[in-house]
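# Structure assessment
The chain contents come next:
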Amino acid sequence: MRSRGWEQLDVILVTGDAYIDAPQIGVALIGRVLERAGYRVGVIAQPDWNTDSDILRLGEPRLFWGVTAGSVDSMVANYTALQKPRRTDDYTPGGKNTRRPDRAGIAYSNLIRRFYKNTVPIVLGGLEASLRRVAHYDYWTDRIRRSILFDAKADILVYGMGERAILEIANLLNDGAAPDAVRGTCVISRTVPEDALILPAYDECAQDHTAFLRMFRLFYDNTDPVTARPLAQQHGDRWLLQHPPQPFETQEELDAVHALPFARDAHPIAKREGEIRALDTIQFSLQTHRGCYGECNFCAIAVHEGRRVRWRSEESILAEAAGFGKHPAFKGIIPDVGGPTANMYGYECEKKISKGACTDKRCVFPELCRQLPVDHSRYTDLLHRLRTLPGIRHVFVASGIRHDLVMDDTRCGMQFMEELVGHHVSGRLKLAPDHSDPAVLSLMGKGGTEALLDFRERFFTLSRRFGKRQFLSYYFIAAYPGSEERHMLALREFAAGELAVEPEQVQIFTPTPGTWASVMYHTGLDPFTGKPLSVERGLRGKRRQKEILAGRDGKTGSERSYATDVRHATGKIPGGISRSGKERTSGTRGQRKKK
Ligand code: SF4
């Protein structure tokens, strides 16, 4: 600030992660977008939440504070599925999990209010706020909590991908106007607009499972900006108002934000404090699109990013990759090219684009909708063009792949597999079948195992043809609602018999906010049929389900790092490729050796 001659910042962003200046990091993206609009922006990363030592550092902003827990819900970041504290944190220098408070959005808002009385508005954002924006099930207290906006005593909550909403808020405040009717935000109100859809009240949801289930259905069905109505939910004598989502970004907008001058590095102060593990996979990865229509019931992408896939132009992605060559740390390796689901790049349903996503059926479950024009040609072509750029040695795909979509693409699926298997697998390709039992898969919102087995066969046939010694690794979930020990035994047989593996990546299900699976876990009901479900709630039973598959020493996934729980909240398969091109796997060294 001193060197720029700034007396005061317009906006101060407070985040639970170490600061990494890259387009995949929400706080960096928001900061750069505000900066492009001419605002003076500062970031306080991982402040001490008990003292004033960090929060007073930059003074008070002129317009607003922006608060985020970071890239992951702070409770997922701080606790395993068995509710044990996590020791490690991929977004903290040195990797020790000591810098992020529980319920970080609330803790940081309280910190600001403690040291700045009557300050400018506090705007909550990021994944934690987005998924806790209405009454929600909280696994860590095993109860329904009210909207985080009430608990954090913040003024506005930005949900979903927040660039547009935050810019509108900044412009309104800059003009001296109240930002209380911005799309993509929630506010607290004493009155309800006439056109709002009334959700079952918080008290009702807290006491009655069917009311909570009804609420979630209405909430879920109002996430598409084309069709969504304003929502209102009573909390005591006040109302939580959710304005409809912002319209989806255009391709030009997506290209423009990725062209902003990101340093693609961690802040020097953070780097001096130790290695930030997340930087390895983020730094030179390419984000091709946003959104996912997979709608796995354990995933919150649909209510955070939306069911419509919006993708960047090939030119924008290629230009970004070509720019990596100027970075001193770039060694010619691009660890990932993808989005929430990598092979959804480049095609979408016309009906969804013009009239909004269907609420009475899904795009890929129980079978592929005929209106979805699955076509891997653009993604295949993109991967090919990337790997032939000057200065690029390897381009890998580490984002999740929907193997069923590859099999459904009778025209271009095989060509895609040839490109993928021949050039973009770093030794091991990760797939997420999640389970094999038809009943459990159906509760997950996923199809059967036929496509997986077909994909597997093609993968190994092509690997042999290309003379490559490479493998598939599979990601499974234990103790999912509806899953009993007998289902895990059947899964073990399937893995050993059909896949010929001892599963390495087995994760105990975590009921995270904003998902159908957490509704199932809390209510004990199948939300689509109303029938009762068997739900494993005991910690010992959960561990037992995992051990059936992973063995007693199976300290895989969630026991080691919260990265493996990220998928429940973000849909991303954890792990990835490091800058040096080495694959990062879950599982103990002993297990990997054995395999
Ligand atoms: S028509 Fe089919 S592909 Fe399109 S939104 Fe509806 S379910 Fe999805």
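It should be emphasised that the depicted structure is a prediction, and the values quoted were computed from it without experimental measurement.

This part is about the sheet that holds strand β22 (residues 505-508). Read from one edge of the open sheet, 3 strands run β20-β21-β22, paired in parallel fashion. Here the strands that pair on one side only, and so sit at the sheet edges, are β20 (428-434) and β22. Recorded for the sheet is a direction-independent mean angle of 20° between the axes of neighbouring strands. Seen against the sheet, helix α19 (residues 450-465) touches β20 and β21 (471-478) and runs at an angle of roughly 155° to β21. Lying over the sheet, helix α22 (residues 539-550) contacts β21 and β22, oriented at roughly 170° with respect to β22.

Along its sequence, the protein is carved into domain 1 (11-179) and domain 2 (284-594). Each of domain 1 and domain 2 has a C-alpha centre, and these two points are 28 Å apart. Tallying the contact residues gives 33 residues for domain 1 and 32 residues for domain 2. Buried area between domain 1 and domain 2, summed over both chains or domains, comes out near 2,800 Å², and the portion from carbon and sulfur atoms is 61%. Here domain 1 is connected to domain 2 by 1 salt bridge. The salt bridge partner of Glu 163 is Arg 290, with a shortest N-O separation of 2.8 Å. Connecting domain 1 to domain 2 are 5 residue pairs in polar contact (both at pLDDT 80 or more). Elements with a minimum of two residues in the side of domain 1 that touches domain 2: α2 (74-78), α4 (126-131) and β6 (136-138). Among the elements that line the side of domain 1 that touches domain 2, the one with the most residues is α4, at 4 residues. Of the residues belonging to the side of domain 1 that touches domain 2, the class tally is 16 nonpolar, 8 polar and 9 charged.

Reading the values: rules and limits
Residues numbered from 1 in each chain as written. Predicted model: local features only at pLDDT ≥ 70, side-chain atom pairs only at ≥ 80, totals over all residues. Heavy atoms only, no water. Pairing = 2+ DSSP bridges. Helix = DSSP H or I, 4+ residues; strand = E, 2+ residues; numbered from the N terminus. Axes fitted to C-alpha atoms, helices over the stretch in contact; angles between N-to-C directions. Contact = heavy atoms within 4.5 Å. Domains from an automatic or database assignment. Buried area = accessible area lost by both parts, 1.4 Å probe. Salt bridge = Lys/Arg side-chain N within 4 Å of Asp/Glu carboxyl O. Polar contact = N/O pair within 3.5 Å; in protein donor to acceptor, adjacent residues only side chain to side chain. Nonpolar A, V, L, I, M, F, W, Y, C, P; charged D, E, K, R; others polar.

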